[in-house]
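Chain residues, written in single-letter form:
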Amino acid sequence: MNWPSPETHKGIPSKKEIALRIALNLSFLHKQMNDNVRVHFIENDHLIHVHLFRRLSDILDSFSTWVSEAFVLATTRSLFHEKTNYIPDHVYLISDFINLTEKTFSLLPGQAKKIFFHVLSSQELEISWINKKDVVFDSSPLKEFFVQDLFSDDYYAKKIEEWIAKKRTEMQKLGFYFILNDKTDIRAYLLFLSQLKAGKI
């Protein structure tokens, strides 16, 4: 989630920054309705940090702090509202869905409405920025490619579309799904939330 970094992709936010901004926005919306709001960070299937937002000002303070830290805080792949001794109405899992395990999903309360935000980088979806003379590896199955080969017959584009389609199908079996990246129009995000609230999806 820490990728891409400012050192390699200047001006492009990391997936973690996007995820944290979404988490704060959702927290703010729920806090406006006087909901209990907690945000957990997960690393290696363990909860490593929690933010309990008691007031709207707590959310604004966290935003200011995270901006000052350039969103480089606890090393985490995903985050979601806390599983506690009360049953939450909504649980959000915000992640790139890379290497998540069944244990992560087992942490989600079964009774709550589940909403999955699939956060990717535009630099993962479109790879013209990579040096075509470089060599890359595909671990499943294990293959070695020259980058230029990934452009043959749209090989990479087809593979990433297949992977996203697989994740979408898996998540939609469990709840609601929305995919976004740093180039996603904010209006698409807001439309998804409004349709979700209105029960139109």
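Attention here is on the structure that accompanies the text. Since the model is a prediction, treat every value here as computed from it, not as a measurement.

Okay, the pairing of strand β5 (residues 113-119) next. Here β5 lies mainly inside the structure; 6 of its 7 residues are buried. By the bridge criterion, 6 bridges tie strand β4 (residues 90-95) to β5 in an arrangement that is parallel. By the bridge assignment for β5, Ser95 is matched with His118.

Attention now goes to unusual backbone geometry. Of note, Phe97 is a non-glycine position whose phi angle comes to about 60 degrees, a positive value. Along the chain, the position of Phe97 falls in the loop between β4 and α3 (102-106). Accessibility expressed as a relative area gives 2% for Phe97, which makes it buried. Even without being a glycine, Asn99 presents a positive backbone phi close to 65 degrees. Inspection of the secondary structure assignment puts Asn99 in the loop between β4 and α3. Overall, the relative accessible area of 65% leaves Asn99 in the exposed class.

To continue, consider the packing of aromatic side chains. Per the counting criterion, the structure on display carries 7 aromatic pairs. Between Phe117 and Tyr189, the aromatic rings sit 6.0 Å apart at their centres with planes inclined by 50 degrees, giving tilted as the arrangement. Of this pair, Phe117 sits in strand β5 while Tyr189 sits in helix α7 (residues 186-198), and the two are 72 residues apart along the sequence. Both residues of the pair, Phe117 and Tyr189, count as buried. Their ring planes at 25 degrees and their centres at 4.8 Å tell us that Phe178 and Phe192 sit as a pair that is stacked. Placement of the pair is Phe178 in strand β8 (residues 176-180) and Phe192 in helix α7, with a sequence separation of 14 residues.

Thresholds, definitions, all that
Residues numbered from 1 in each chain as written. Predicted model: local features only at pLDDT ≥ 70, side-chain atom pairs only at ≥ 80, totals over all residues. Heavy atoms only, no water. Buried < 20%, exposed > 50% of the residue type's maximum accessible area, 1.4 Å probe, protein only. Helix = DSSP H or I, 4+ residues; strand = E, 2+ residues; numbered from the N terminus. Pairing = 2+ DSSP bridges. Phe/Tyr/Trp six-rings, centres within 6.5 Å; stacked < 30°, edge-to-face > 60°.

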